[in-house]
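# Residue-level structural notes
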Amino acid sequence: MTNPPSVAVERVRVRDAKSADGHPYHPTRYEITDPAEVAEVLAVWPAEQVPEPRSGGSAQAGPAIDSFECMCMEHGADPFDATDDPAIRPVPPVRTGPLARLLDRDAPDGIPARHRARWVAAAPEVLRGYAGAMARGEDPPRPARIPLAAAFSWQGAVRGAPTDAASLLAELAPARMLVGAATEDLAWAVRETDRGGLDAAVRFFASEEFTTRHPKRRRVPDTARDLLIRHARSHRPRDLPVLERRLLRMPDDRVRRS
């Protein structure tokens, strides 16, 4: 469908299949919202093709075809792909030429690489080397001597383009710093992080990474537990039942901090 000339395209949606030999932290779907990048994509957009006529529109179609009803519509279209908003342009799944190069997940001058570079530049200075390694597709070790509160704050920071091609990196990189951390250390990080970090902490404590731990490793000191419950009740109510059920209480006076 051709966009009305009076409506400018403000958002380009891209869906990419998973690739075993491509960038390991590239999302299967992302959006391009930077006006300059949107214009760059539209400049190499392929000529639109006229859709084939529906079977029911042909006068020569047989009765068997006329009476056929496609059952696939009962499942509903993915809203990421199906939109009538003329300001949103989904990218065709088959891409060639300049458009394919521009959206290539591994091209150093492609849009995905730019998104990853901007994400690295916005990372906390002490974590920029770690972020850069992940942006290159590496599997770096967890940074040493970095407070876990910083990981929560990093993950919970508001991003200017939260659905861009670095969205998966923004979620995975901080989370890798939290995996396997002792519950007591995580609880102290909850007490030390900022509001954005508290939102990320709620997501972590409600995730399978924490809820599947042995009950002894799910005992959370009262102060940290109350902070998590209070934040979830106000800002993430869908996570509240999980936290109330899976976070076991432990008195603060049993926690020793060196």
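Criteria and thresholds
- Residues numbered from 1 in each chain as written.
- Predicted model: local features only at pLDDT ≥ 70, side-chain atom pairs only at ≥ 80, totals over all residues.
- Heavy atoms only, no water.
- Helix = DSSP H or I, 4+ residues; strand = E, 2+ residues; numbered from the N terminus.
- Buried < 20%, exposed > 50% of the residue type's maximum accessible area, 1.4 Å probe, protein only.
- Contact = heavy atoms within 4.5 Å.
- Areas by Shrake-Rupley, 256 points an atom, 1.4 Å probe, with all protein chains shown as cover.
- Axes fitted to C-alpha atoms, helices over the stretch in contact; angles between N-to-C directions.
- Parallel < 35°, antiparallel > 145°, perpendicular 65-115°, else oblique.
- Left-handed = near helix turned anticlockwise from the far one by under 90°.
- 1 Å grid on protein atoms, 1.4 Å probe; cavity = no way out; pocket = protein on both sides within 12 Å on 5 of 7 lines; lining within 4 Å.
- Points joined across faces, edges and corners; volume = space filled by probe spheres on them.
- Nonpolar A, V, L, I, M, F, W, Y, C, P; charged D, E, K, R; others polar.
- Core = buried A, V, L, I, M, F, W, Y, C linked by side-chain atoms within 4.5 Å.
- Phe/Tyr/Trp six-rings, centres within 6.5 Å; stacked < 30°, edge-to-face > 60°.
- Lys NZ or Arg CZ within 6 Å of the ring centre and 35° of its normal.

Per the secondary structure count, the chain includes 12 helices and 5 strands. Burial analysis of the chain (258 residues in total) assigns 39% to the buried set. Long-range pairs, those at least 24 residues apart, make up 70% of the contacts in the chain with a sequence separation of at least 6. A total accessible area of about 15,300 Å² is found for the chain, and carbon and sulfur atoms account for 54% of it.

The next thing to look at is the environment of Val 120. Locating Val 120 in the fold gives a position in helix α4 (residues 111-122). In this structure Val 120 comes out as buried when scored by relative accessible area, which is 15%. Note: C-alpha distance between Val 120 and Gly 132 (12 residues apart in sequence) is 5.8 Å.

Right, let's get into the packing of helix α6 (residues 148-156) against helix α8 (residues 183-192). Where α6 meets α8, the closest approach of the two axes is 8 Å, and the angle between their N-to-C directions is 60°. When the axes of α6 and α8 are compared, the pair comes out oblique. Remark: the crossing between α6 and α8 carries right-handed chirality. Residue-level contacts link Leu 148, Ala 149 and Phe 152 of α6 to Asp 185, Leu 186, Ala 189, Val 190 and Glu 192 of α8.

Glancing now at the layout of surface pockets. One number sums up the size of the second largest pocket: a volume of about 400 Å³. Lining the second largest pocket are 21 residues, and of these Trp 119, Ala 122, Arg 159, Gly 160 and Ala 161 lie nearest its centre. Among the secondary structure elements, those contributing two or more residues to the lining of the second largest pocket are α4, α6 and α7 (167-178). For the lining of the second largest pocket, the element with the highest residue contribution is α4, accounting for 4 residues. For the lining of the second largest pocket, the per-class residue count stands at 9 nonpolar, 4 polar and 8 charged.

Moving on, we come to the nonpolar core. Counting 42 residues, the largest nonpolar core has Trp 119, Phe 152, Trp 154, Phe 205, Leu 228 and Leu 243 as its most contacted members. If you list the elements that add at least two residues to this core, you get α4, α5 (128-135), α6, α7, α8, α9 (195-205), α11 (222-235) and α12 (240-246). Per element, the largest residue contribution to this core is 6 residues, and it comes from α9. Among the nonpolar cores identified, the runner-up in size contains 14 residues, and Val 14, Val 41, Leu 103 and Ile 111 belong to it.

This part covers the packing of aromatic side chains. Enumeration over the complete set of coordinates arrives at 6 aromatic pairs. Both rings, one in Phe 204 and one in Phe 210, keep their centres 6.4 Å apart while their planes meet at 55°; by these two values the pair is tilted. Each member of the pair, Phe 204 as well as Phe 210, carries the same accessibility label: buried. Their ring planes at 55° and their centres at 4.7 Å tell us that Phe 205 and Phe 210 sit as a pair that is tilted. Classification of Phe 205 as buried rests on a relative accessible area of 0%. Among the residues examined, Phe 210 registers a relative accessible area of 0% and is labelled buried. Feature note: the residues Phe 152, Phe 204, Phe 205 and Phe 210 constitute an aromatic cluster, connected by ring pairs. Across the ring face of Trp 45, the terminal group of Arg 89 is positioned such that the distance to the ring centre comes to 4.8 Å.

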